[in-house]
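Remarks on the overall topology
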Amino acid sequence: MVLNVHERRLAAPAARAGALIDSLAGQDDRLWPHDRWPAMRFDRPLQVGAEGGHGPVRYRVEHYRPGTRVRFRFRAPAGFDGYHEYEVRPLGDGGCVLRHSLVMSTRPPAWLTWPLVFRPLHDALLEDSLDKAERSLGAGPRPPRRWSVRVRLLRSLASAVSR
């Protein structure tokens, strides 16, 4: 079983952070780091049943509660059985936590592709997404995160293969 969680405490009300979730894959997407990664795209606006993904990762919107949570059920790559989701949880001090969770079991070939290829890319992408959330909520400019050598190598290989 894979449980991969990335979260960021934000100094903004949950409603403002929830609006970032609602912007996913839209014209004014303020959460997905599409300036550095393949864009998240769907066959229709963000809603239950919308199908799409980013790069080779495909999924369907399984649950959507505007301003609070969206869950995507994996359809590809092969061997990914589970979901990933963004959710916002309010804190008592007027701030909130924006969390991304990936929950899945793997079967071949994902037994190998998840830890060797997808996990390092996923982790880098999610940290970029949470950085973008902070910037979108006015936390100020932060220089782009420097990716690890492994992530840079995997991205170079993926780029060469897609050409």
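**Quick look at the packing of aromatic side chains**
With the rule as written, the count across this model stands at 7 aromatic pairs. Ring geometry for Y59 versus F72: centroids 4.9 Å apart, planes at 55°, classification tilted. A residue pair is termed long-range when its members are at least 10 positions apart, and Y59 in strand β4 (residues 57-65) and F72 in strand β5 (residues 69-76) qualify at 13 residues. Judged by relative accessible area, which is 0%, Y59 ranks as buried. Residue classification places F72 among the buried residues on the basis of a relative accessible area of 0%. Here F74 and F80 contribute two aromatic rings whose centre-to-centre distance is 5.4 Å and whose plane-to-plane angle is 85°, an arrangement assigned as edge-to-face.

**Thoughts on the sheet that holds β4**
Here we have 7 strands laid out as an open sheet, ordered β1-β7-β6-β5-β4-β3-β2, and antiparallel in their pairing. Strand pairing shows two members of the sheet lacking a second neighbour, β1 (2-10) and β2 (41-42), which therefore form its edges. Sitting on the sheet, helix α1 (residues 14-22) is in contact with β1, β4, β5, β6 (80-90) and β7 (96-106), with an inclination near 150° to β6. On the sheet, helix α2 (residues 110-136) packs against β1, β3 (51-54), β4, β6 and β7 and is oriented at approximately 10° with respect to β1.

**Considering the pattern of salt bridges**
Applying the stated rule across the entire model yields 20 salt bridges. Between R60 and E51 there is a salt bridge; the shortest N-O distance is 2.5 Å. Classification of R60 as partly exposed rests on a relative accessible area of 34%. According to the relative accessible area criterion, E51 is partly exposed, its value standing at 25%. A salt bridge links E85 to R69, with the shortest nitrogen-to-oxygen separation between them at 2.9 Å. Residue E85 is located in strand β6, and its partner R69 is located in strand β5; the two are separated by 16 residues in the primary sequence.

Calculation notes
Residues numbered from 1 in each chain as written. Predicted model: local features only at pLDDT ≥ 70, side-chain atom pairs only at ≥ 80, totals over all residues. Heavy atoms only, no water. Phe/Tyr/Trp six-rings, centres within 6.5 Å; stacked < 30°, edge-to-face > 60°. Helix = DSSP H or I, 4+ residues; strand = E, 2+ residues; numbered from the N terminus. Buried < 20%, exposed > 50% of the residue type's maximum accessible area, 1.4 Å probe, protein only. Pairing = 2+ DSSP bridges. Contact = heavy atoms within 4.5 Å. Axes fitted to C-alpha atoms, helices over the stretch in contact; angles between N-to-C directions. Salt bridge = Lys/Arg side-chain N within 4 Å of Asp/Glu carboxyl O.

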